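# Coordinate analysis (summary)
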Amino acid sequence: MQGKTHEPYSEHNFIVYVNPNDNRNKIHINTYFVEYEEGIQCCHFYDRGLCDTIDEYRKLNMYEIESQAYGSWMDGAR
């Protein structure tokens, strides 16, 4: 999933994904990424775990996702 945060979180693009290098298949959120023809490259400083399973992800509302996206942005800004 890709999206953009809204007020009160300013406007930051984000992506929600399963890290292919994580054997636990944890779902991540990232706010600093570049899209290439071959795929997407994420900066790990702007990355955080969102939840552990697809079922947990489906229960999240957009407010919770945008809140975690903003937290991801602030993590990387430090």
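Details of the structure are given in the entry above.
Let me begin by describing the structure that accompanies this report. (Residues numbered from 1 in each chain as written. Predicted model: local features only at pLDDT ≥ 70, side-chain atom pairs only at ≥ 80, totals over all residues. Heavy atoms only, no water.)

### Quick word on the packing of aromatic side chains
Inspection of the entire model under this criterion finds 4 aromatic pairs. Between Tyr9 and Tyr63 the ring centres are 5.9 Å apart and the planes differ by 50 degrees, which places this aromatic pair in the tilted class. Note that Tyr9 is positioned in the loop between strand E1 (2–4) and strand E2 (13–18) and Tyr63 in helix H2 (residues 62–77), a separation of 54 residues in sequence. By relative accessible area, which is 10% here, Tyr9 ends up buried. Taking the centre distance of 5.0 Å and the plane angle of 25 degrees together, the rings of Tyr32 and Tyr46 count as stacked. (Phe/Tyr/Trp six-rings, centres within 6.5 Å; stacked < 30°, edge-to-face > 60°. Helix = DSSP H or I, 4+ residues; strand = E, 2+ residues; numbered from the N terminus. Buried < 20%, exposed > 50% of the residue type's maximum accessible area, 1.4 Å probe, protein only.)

### Here we look at the pattern of salt bridges
Taken as a whole and assessed by the stated rule, the structure comprises 4 salt bridges. One salt bridge in this structure joins Lys4 and Glu11, with 3.9 Å as the shortest N-O distance. A salt bridge links Arg48 to Asp75, with the shortest nitrogen-to-oxygen separation between them at 2.9 Å. Within this pair, whereas Arg48 is found in strand E6 (residues 47–51), its partner Asp75 is found in helix H2, the two being separated by 27 residues in sequence. A residue is classified by how much of its surface remains accessible, and Arg48, at 23% relative accessible area, is partly exposed. By sharing partners, the salt bridges in this structure join Arg48, Asp75 and Arg78 into a single network. (Salt bridge = Lys/Arg side-chain N within 4 Å of Asp/Glu carboxyl O.)

### Remarks on unusual backbone geometry
Across the junction of Glu7 and Pro8, the peptide omega takes the value 15 degrees, indicating a cis bond. Backbone geometry at Asn25 places phi at a positive 60 degrees, although glycine is not the residue there. Tracing the backbone shows Asn25 in the loop between E2 and strand E3 (27–30).

### Digging into the sheet that holds E6
Read across the open sheet, the 4 strands follow the order E1-E2-E3-E6; overall the sheet is antiparallel. Because the sheet does not close on itself, it has two edges, and the strands there are E1 and E6. Averaged over all adjacent pairs, the angle separating strand axes in this sheet is 30 degrees, with direction ignored. Inspection of the sheet shows E2 paired to E3 by 4 bridges, in the antiparallel sense. Note that in E3 the partner of Ile15 across the bridge is Asn30. In this fold H2 packs onto E1, E2, E3 and E6, with an angle of close to 155 degrees to the strand it touches most, E6. (Pairing = 2+ DSSP bridges. Axes fitted to C-alpha atoms, helices over the stretch in contact; angles between N-to-C directions. Contact = heavy atoms within 4.5 Å.)

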